[in-house]
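Notes for the structure review
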Amino acid sequence: MRYRNFAFLSVLALFLAGCPTATQEKAAQASLEASIVIQTGQQAEIAAFNQQLIPVSEHQFIETQFGSLAVIGKTADSCIAGANAQAATLVCLNTALNGVDSIYSNGGLYLKSQQARSIYQVAVGGFRSALASIIVALGGTAPATPTFAGGAA
Amino acid sequence: MNVAAIIPLLEQLLPLGINLYQELQQSTQTGKTIEQVLAQADANWDAIAAAAKGN
C-alpha cells in the first residue's frame, strides 16, 4: 500500500505543478481534481470490497463518507461559481476543507482494516491536498493535516 | 527487499497511475471555461454520490 500511496501522491504533485493561474479557475480545477481522486479511490474501495478485503461495515462507512464528500464537493462548486473575488473563493475552499478534515479524522477513528484505512487515507487525503494546495497558492493558510488516529484491531 | 515480489504489485499499479495521470492532464487542458470545469466536477460528484448509494 505504500507504493499505491506514493503513486497517487506523485500524480497529484505532477498535476498541481501545472495548475492555471486565475483564482477562480484554480479553485475550479482543485474541485475537479478532487472529484477524480475520490472517484478513483471509490473504485479501488469497491474493488477491494468485492475481493473481500474490506469488512461490510467498513465498506458501508466509507461509501457513506464518499457520499458526504460529494455533497461537500458540489457545495464548493456552487460556492466557487458565485465567488467574485479571491477572498470569497478562499472562503469556499476553507469551508470545504473543514468538512473534509472532519471526514478524514472520522475515518481514522472508525476504520480498522489496513486496506480500508489505506484507500481512505489516500483518497480523502488527496481531496484535502487539492484544497490545501490551492488555498496556500492563493495566499491563504491551510490548517495542518489532522491526525488519522487508530489502527489495526 | 525482494524485488521479484514487488514486480507484480508495480504491474497492477502502473495502469492505475497512468489512467489517473491522463484524467488529470485532460482536466487541465486549456480552452475550458470555469463553468465547464465546474460542470465536469459536478458530474463527477454526482457519479460518486450515486455509486455511494448503490454500494
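Sequence order as written defines the numbering, with residues in each chain counted from 1. Lettering of chains starts at A and numbering of ligands starts at 1, both following the order in which they are written. The predicted nature of this model means local features are confined to residues of pLDDT at least 70 and side-chain atom pairs, given and counted, to a pLDDT of 80 or more, with totals for whole chains, interfaces and linings taken over all residues. As a convention, hydrogens and water are excluded, and side-chain values are obtained from all of the structure's heavy atoms.

**Let's talk about the overall build of chain A**
Secondary structure follows DSSP: runs of H or I at least 4 residues long count as helices, runs of E at least 2 residues long count as strands, and numbering of each begins at the N terminus. A tally of helices and strands in chain A yields five helices and zero strands. Traced from its N-terminal end to its C-terminal end, chain A shows the element sequence α-α-α-α-α. Here chain A holds 153 residues, and 52% of them are scored as buried. The contact criterion used is simple: two residues touch if any of their non-hydrogen atoms lie within 4.5 Å. For chain A, the share of sequence-separated contacts (at least 6 apart) that also reach a separation of at least 24 residues comes to 75%. For every residue, the accessible area obtained with a 1.4 Å probe (protein chains only) is divided by the maximum for its type, and the residue is called buried under 20%, exposed over 50%, and partly exposed between those limits.

**Describing the pattern of salt bridges**
Just to be clear on terms, a salt bridge is a Lys or Arg side-chain nitrogen sitting within 4 Å of an Asp or Glu carboxyl oxygen. Under the counting rule described, the total for this entry stands at two salt bridges over all chains. Here Lys74 of chain A and Asp46 of chain B are joined by a salt bridge, their closest N and O atoms 2.7 Å apart. On the criterion of chain membership, the pair formed by Lys74 of chain A in helix H3 (residues 56-82) and Asp46 of chain B in helix H2 (residues 34-54) is interchain, its members lying in two chains. The exposure class of Lys74 of chain A is partly exposed, given its relative accessible area of 31%. A salt bridge links Asp101 of chain A to Arg128 of chain A, with the nearest nitrogen and oxygen atoms 2.5 Å apart. With Asp101 of chain A in helix H4 (residues 86-110) and Arg128 of chain A in helix H5 (residues 114-137), this pair connects stretches of sequence that are 27 residues apart. Given a relative accessible area of 10%, Asp101 of chain A falls into the buried group. Arg128 of chain A gets classed as buried once you look at its relative accessible area, which sits at 4%.

**Notes on the environment of Ile46 of chain A**
Tracing the backbone through its elements, the reader meets Ile46 of chain A in helix H2 (residues 23-50). Assessed through its relative accessible area of 17%, Ile46 of chain A is described here as buried. Here the alpha-carbon distance between Ile46 of chain A and Glu63 of chain A, two residues 17 residues apart in the chain, equals 8.8 Å. Setting aside residues up to four positions removed in sequence, Ile46 of chain A forms contacts with His59 and Glu63 of chain A together with Asn55 of chain B.

**Some points on the confidence of the model for chain A**
All names here are of chain A. Confidence along chain A averages 87 in pLDDT terms, with 84% of residues attaining 70 or more. The predictor rates its confidence in each residue with pLDDT, a number between 0 and 100. At the level of individual helices and strands, chain A shows its lowest average pLDDT in helix H1 (residues 2-17), which scores 48, and its highest in H3, which scores 97. Here residues 13-21 scores under 50 on pLDDT; set against residues more than four positions off or in separate chains, the count is 13 contacts.

**Here we look at the state of the cysteines**
All names here are of chain A. The disulfide criterion used throughout: a pair of cysteine sulfur atoms within 2.5 Å. Using the criterion set out here, one finds one disulfide over all chains in the structure. One disulfide in the model links Cys79 with Cys92; its S-S distance is 2.0 Å. Looking along the S-S bond of the Cys79-Cys92 disulfide, the torsion reads about -80°, which is the left-handed sense. Of this pair, Cys79 sits in helix H3 while Cys92 is found in helix H4, placing the two residues 13 residues apart along the sequence.

**Some remarks on the environment of Ala137 of chain A**
Mapped onto the elements of the fold, Ala137 of chain A is located in helix H5. The spacing of Ala137 of chain A and Ala83 of chain A is 54 residues in sequence and 17 Å in space, taken between C-alpha atoms.

**Quick notes on unusual backbone geometry**
Residue and element names in this part refer to chain A. Phi at Gln52 takes a positive value of approximately 60°, unusual for a residue other than glycine. When you line up the elements, Gln52 lands in the loop between H2 and H3. Under the relative-accessibility criterion, Gln52 is labelled exposed at 72%.

**Structural notes on the packing of H3 of chain A against H2 of chain B**
Think of each axis as a best-fit line through the C-alpha atoms, taken over the contacting stretch in the case of a helix, with angles from 0 to 180 degrees between the N-to-C directions. Between H3 of chain A and H2 of chain B, the shortest axis-to-axis distance is 8 Å and the interhelical angle comes to 160°. Taken as axis vectors, H3 of chain A and H2 of chain B run roughly antiparallel relative to one another. Between H3 of chain A and H2 of chain B lies a crossing whose hand is left-handed. Here H3 of chain A contributes Glu63, Phe66, Gly67, Leu69, Ala70, Gly73, Lys74, Asp77, Ile80 and Ala81 of chain A to the contact with H2 of chain B, which in turn contributes Leu38, Ala41, Asp42, Trp45, Asp46, Ile48, Ala49, Ala51 and Ala52 of chain B. Here the angle decides the label: under 35 degrees means roughly parallel, over 145 means roughly antiparallel, 65 to 115 means roughly perpendicular, and every other value means oblique. What makes a crossing left-handed is the near helix being turned counterclockwise from the far one by less than a right angle; a clockwise turn instead makes it right-handed.

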